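Report on the structure
Listed below, chain by chain, are the residues.
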Amino acid sequence: MASILTRSAIVAPKNFNRWLIPPAALAIHLCIGQVYAFSVFKIPFMTHFDTGEVSIGWIFSIAILMLGISSAVFGPWVEKNGPRASMVAAGTCWVVGFFIASLGIVGGQLWLVYLGYGVIGGIGLGIGYISPVSTLMKWFPDRPGLATGLAIMGFGGGALIASPMSNQLMALYGGGAEPENLVAGLTPTFITLGVVYAVVIAAGAFVIRVPHPEWTPKGFDPSKVEAKPMQTKGNVSVRNAIRTPQFWFLWVVLFLNVTAGIGILENAAPMIQSYFGITAAAAAGFVGLLSIGNMGGRFIWSTTSDYLGRKNNYMMYLGVGAILYLLVALFGGGSIILFVLATLIIISFYGGGFSTAPAYLKDLFGVYQVGAIHGALLTAWSAAGVAGPLIVNSVVEAGEAAGKEGPALYTPGMFIMVGALVIGFIANALIRPVSEKYFEREEDVAAKQAAALEEN
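These figures come from a predicted structure and were not determined experimentally. (Residues numbered from 1 in each chain as written. Predicted model: local features only at pLDDT ≥ 70, side-chain atom pairs only at ≥ 80, totals over all residues. Heavy atoms only, no water.)

**Regarding helix α5 (residues 110-130)**
The criterion, for reference: Per the convention used, a helix needs a DSSP run of H or I reaching at least four residues, while a strand needs a run of E reaching at least two, with both numbered from the N terminus. A helix is expected to span 1.5 Å multiplied by its residue count minus one. Take the seven residues that end at a residue and the seven that start at it, fit an axis to each, and the angle between those axes is the bend at that residue. For every residue, the accessible area (1.4 Å probe, protein chains only) is compared with the maximum for its type, and the residue is labelled buried under 20%, exposed over 50%, or partly exposed between those bounds.
Between the first and last C-alpha of α5 there are 29 Å, a value that for 21 residues agrees with the 30 Å anticipated at 1.5 Å per step. Along α5, the largest kink reaches about 35° and is centred on Gly 121. Taken across its 21 residues, α5 has 15 buried, putting it largely inside the fold.

Structure below.
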């Protein structure tokens, strides 16, 4: 009898309700999306370990670095073994990472936090992030942008839950909301989060299914779908996809869009406190608000891309994003309303860039190995996870050393992000349809897919 974790064990009957799949995908993405709430822990960590912005920022950067690396390395394994096995593997790494980080906090060993939350948890992030995406696109071939938005909005929304919950747990376990109390509550907070995430991810893995080979959405006929200008009806393997200029242009686009957004996300709480002198609780609320923008952007912008086209949406993310960053750099320190609105829209574009990427890849390379191609593309996220926080944190530390304070600490970093988005805008404009010389033969695709199902 096949293991309950294999792909063959989770093939759905032909009459299965596909709307049960998005909640299962959301289960893991809401959990691993906690990484976007990391800035809530930043000041308590700096206090506890008696170190600076860059040292603590590396916890987040290592996690994102490992996300991209593991999604690329394990992408083919995820495609072969299916979403249930992938979700279980991801959840195990993510939860174990929290427990190891807890040991590091108790023992005052920062390297254990790097190892636990950063390396092991980051591997869980990568596998968990891609595990339901290609499955959802197969369940929603008529609305691929909607499908990826449904899944990936959970990753953006994870911080919406985790940010206030983490702050409240630290205060609860530490005996108050003062900085020293939050530090005291770090360890039990990490343990509690690990236990909660283990339960939720297990529930999602239990529900997840892959569509029956003979299933199609009611009323959907693939042969009658009119291809849009950037869409292909062929299929490209991951091996060939990474040889195309289109893949690398999109890699640059994602890298720069993520670099620009992640610099705000990783520093959200201390940044708004530095700009406007608000309390830690209010800063946590701002992180939660950004999570709404991140989550909403992932769903709204990816859904609109089904109508506007992926390339046009990226033109908006990058072009309008550059203008908004410029406004924040020039005028954000004088108006909290401008600051919040501009950063909210920038983060919605950041989230939209993630959720639109899988559908963009499907348009360019087909659905055959889109999960593995997506995993390879996410190495751009890894690079950006290092570059974005490193740029902002280095600028802040250099400013502090020079005696600067408030908005002046962040303004140079804002101008750097404007330049990054402009370069990304140009790279997106250069993307063209993929040449047919990279396509796989359709009979080979069908044979490989049938063989993979039999092996499992």
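**Describing the packing of aromatic side chains**
Rules: Each pair of aromatic rings taken from Phe, Tyr and Trp, with Trp reduced to its six-membered ring, is defined by centres within 6.5 Å and is described as stacked if the planes are under 30 degrees apart, edge-to-face if over 60, and tilted in the remaining cases.
One pass over the structure, following the stated rule, counts 35 aromatic pairs. Here Phe 45 and Phe 190 contribute two aromatic rings whose centre-to-centre distance is 5.9 Å and whose plane-to-plane angle is 80°, an arrangement assigned as edge-to-face. Of this pair, Phe 45 sits in helix α2 (residues 39-49) while Phe 190 sits in helix α9 (residues 186-207); the two residues are 145 residues apart in sequence, bridging distant segments of the chain. There is no split in this pair, since Phe 45 and Phe 190 are both buried. Ring centres of Phe 155 and Trp 381 lie 5.4 Å apart, and the angle between their planes is 75°; this geometry places the pair in the edge-to-face category. A residue pair is termed long-range when its members are at least 10 positions apart, and Phe 155 in helix α7 (residues 144-174) and Trp 381 in helix α17 (residues 379-401) qualify at 226 residues. Three or more aromatic residues joined by ring pairs make a cluster, and in this case those are Phe 38, Phe 41, Phe 45, Phe 49, Phe 60, Trp 94, Phe 98, Tyr 117, Phe 190 and Tyr 197.

**Focus: the packing of helix α13 (residues 280-308) against helix α15 (residues 336-365)**
Test applied: Orientation is described by lines fitted to C-alpha atoms, with helices fitted over the stretch in contact, and by angles between N-to-C directions that extend from 0 to 180 degrees. Each angle is binned into one of four classes, with values under 35 degrees roughly parallel, values over 145 roughly antiparallel, values of 65 to 115 roughly perpendicular, and all other values oblique. For a crossing to be left-handed, the near helix must be turned anticlockwise from the far one by less than a right angle; the clockwise case is right-handed. Three classes are used, and their members are as follows: Ala, Val, Leu, Ile, Met, Phe, Trp, Tyr, Cys and Pro are nonpolar, Asp, Glu, Lys and Arg are charged, and the others, Gly among them, are polar.
Direction vectors running N to C along α13 and α15 enclose 45°, while the axes themselves pass 6 Å from each other. Put simply, α13 runs oblique to α15. In terms of crossing hand, the pair formed by α13 and α15 is right-handed. For the contact of α13 with α15, the per-class residue count stands at eleven nonpolar, eleven polar and one charged.

**Structural notes on the pattern of salt bridges**
The following threshold applies: One side-chain nitrogen of Lys or Arg within 4 Å of one carboxyl oxygen of Asp or Glu is enough to make a salt bridge.
Following the criterion strictly, the structure yields seven salt bridges and no others. Lys 14 is the salt-bridge partner of Glu 214, the closest N and O atoms lying 2.6 Å from each other. In this pair, Glu 214 sits in the loop between α9 and α10 (238-241) while Lys 14 sits in the segment before α1 (21-32), placing the two residues 200 residues apart along the sequence. Owing to a relative accessible area of 57%, Glu 214 belongs among the exposed residues under this scheme. Look at Lys 14 and you get partly exposed, because its relative accessible area is 47%.

**Quick look at the confidence of the model for the chain**
Worth spelling out the cut-off: pLDDT runs from 0 to 100 and stands for how confident the predictor is about each residue.
The predicted model of the chain averages 87 in pLDDT, with 94% of residues at 70 or higher. Mean pLDDT in the chain bottoms out at helix α19 (residues 442-455), which sits at 61, and peaks at helix α4 (residues 83-107), which reaches 96.

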